[in-house]
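Coordinate analysis (summary)
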Amino acid sequence: MDPRIEVVEADITGLAVDAIVNAANESLLGGGGVDGAIHRAAGPELKEECRGLGGCPTGEARITRGYRLPARHVIHTVGPVWQGGGAGEERLLAQCYRNALALAREHGLKTIAFPAIGTGAYGFPPERAAGIAVRTVAEEVARRPGIETVIFACFGARSAEAHRRALAALAKP
């Protein structure tokens, strides 16, 4: 297993890292789940900055300041809505992780925490999403230097276990 990648069961809004990733909606103006929690914890300034970004298409990412969060930045990415697997959802989900890591590197950020993108209201199957997330992050971290630590901050034991299994499966020869 890559020592730069870890899985924790935690509230992402409490992590003191360079950037946390927000599983946002296309408006970037807040919503439910992790998106709402991040906006509440960061304060109204986050929504103001997001308003000026003009949204974000699925699979892409945008960066803002972290405001009242312990994290210095928030990287917003929009996961795909699960439609059964035939609408490019896996490719789009992998793009979320790639684009978030690319933005982190661009801004010189070394530590980044991800939620389980797409597995809440967007309905992506958690086990499948964890496999894509872990595989994509491991490939990106190995291929492009700069990121020192990636944390999968899972909200709940089931999500954490799915990510740990995906990480263990990567380590098998």
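Our subject is the structure listed above.
All of the points below concern the structure found in this document. Bear in mind the structure is a predicted one, so any value in this text is a computation, not a measurement.

Turning next to the overall build of the protein chain. Helices and strands together make up the secondary structure of the protein chain, namely five helices and six strands. Listed N to C, the secondary structure of the protein chain is β-β-α-α-β-β-α-β-α-β-α in terms of helices and strands. Computed over C-alpha atoms, the radius of gyration of the protein chain comes to 15 Å, within 12% of the 16 Å expected from 2.2 N^0.38 for 173 residues, which places it in the range of a compact globule. Overall, the C-alpha framework of the protein chain stretches about 45 × 35 × 30 Å when taken along its three principal axes. The buried share among the 173 residues of the protein chain stands at 47%. Pairs at least 24 apart in sequence give 67% of the contacts found in the protein chain among residues at least 6 apart.

Sheet architecture is open: six strands sit in the order 1-6-5-2-4-3, paired in mixed fashion. Since the sheet does not close on itself, it has two edges, and those belong to strand 1 (5–9) and strand 3 (61–65), each with one partner. Across the sheet, the mean angle from the axis of one strand to that of its neighbour is 25 degrees, orientation sign disregarded. Strand contacts of helix 1 (residues 33–42): strand 2 (19–24) and strand 4 (73–78), with the helix running at about 130 degrees to strand 2, the strand carrying the most contacts. Contacting strand 3 and strand 4, helix 2 (residues 44–51) crosses the sheet at an angle of about 135 degrees to strand 3.

By the definition in use, this model includes four aromatic pairs. Plain terms: the ring middles of Tyr97 and Phe114 are 4.8 Å apart, the flat faces sit at 45 degrees to each other, and that makes the pair tilted. Separated by 17 residues along the polypeptide, Tyr97 in helix 3 (residues 89–106) and Phe114 in strand 5 (residues 111–114) bring together distant segments of the chain. Judged by relative accessible area, which is 0%, Phe114 ranks as buried. Members of the aromatic cluster, connected to one another through ring pairs, are Tyr97, Phe114 and Phe152.

What follows is about the packing of helix 1 against helix 2. Put simply, helix 1 and helix 2 touch, their axes get as near as 5 Å, and they point 115 degrees apart. In terms of their interaxial angle, helix 1 and helix 2 are classed as roughly perpendicular. When helix 1 is examined against helix 2, the residues Ile38, His39 and Ala42 are found in contact with a partner set consisting of Glu45, Leu46, Lys47 and Cys50. A per-class count over the contact of helix 1 with helix 2 returns four nonpolar, one polar and two charged.

With that settled, consider the side chain of Ser159. Among the secondary structure elements, Ser159 is positioned in helix 5 (residues 157–171). Taking the relative accessible area as the measure of exposure, Ser159 reaches 16% and is therefore buried. Once you skip the residues sitting within four places of it in the chain, Ser159 turns out to touch Ala116 and Cys154.

With that settled, consider the pattern of salt bridges. Here the structure, examined in full by the defined rule, presents 12 salt bridges. Put simply, Glu140 and Arg105 hold a salt bridge, and the shortest N to O gap is 3.5 Å. Linking Glu140 in helix 4 (residues 126–143) with Arg105 in helix 3, this pair joins segments that are 35 residues apart in sequence. A salt bridge links Arg165 to Glu161, with the shortest nitrogen-to-oxygen separation between them at 4.0 Å. Of this pair, Arg165 and Glu161 both sit in helix 5, separated by four residues, roughly a single helical turn. By relative accessible area, Glu161 is classed as partly exposed at 37%.

Okay, unusual backbone geometry next. Within the chain, Leu28 stands out as a residue other than glycine whose phi angle is a positive 65 degrees. Looking at the secondary structure, you find Leu28 in the loop between strand 2 and helix 1. One non-glycine residue, Tyr67, lies in the positive phi region at around 55 degrees. Looking at the secondary structure, you find Tyr67 in the loop between strand 3 and strand 4. What makes Tyr67 partly exposed here is its relative accessible area of 26%.

Quick notes on the rules
Residues numbered from 1 in each chain as written. Predicted model: local features only at pLDDT ≥ 70, side-chain atom pairs only at ≥ 80, totals over all residues. Heavy atoms only, no water. Helix = DSSP H or I, 4+ residues; strand = E, 2+ residues; numbered from the N terminus. Rg over C-alpha atoms; globule rule 2.2 N^0.38 Å. Buried < 20%, exposed > 50% of the residue type's maximum accessible area, 1.4 Å probe, protein only. Contact = heavy atoms within 4.5 Å. Pairing = 2+ DSSP bridges. Axes fitted to C-alpha atoms, helices over the stretch in contact; angles between N-to-C directions. Phe/Tyr/Trp six-rings, centres within 6.5 Å; stacked < 30°, edge-to-face > 60°. Parallel < 35°, antiparallel > 145°, perpendicular 65-115°, else oblique. Nonpolar A, V, L, I, M, F, W, Y, C, P; charged D, E, K, R; others polar. Salt bridge = Lys/Arg side-chain N within 4 Å of Asp/Glu carboxyl O.

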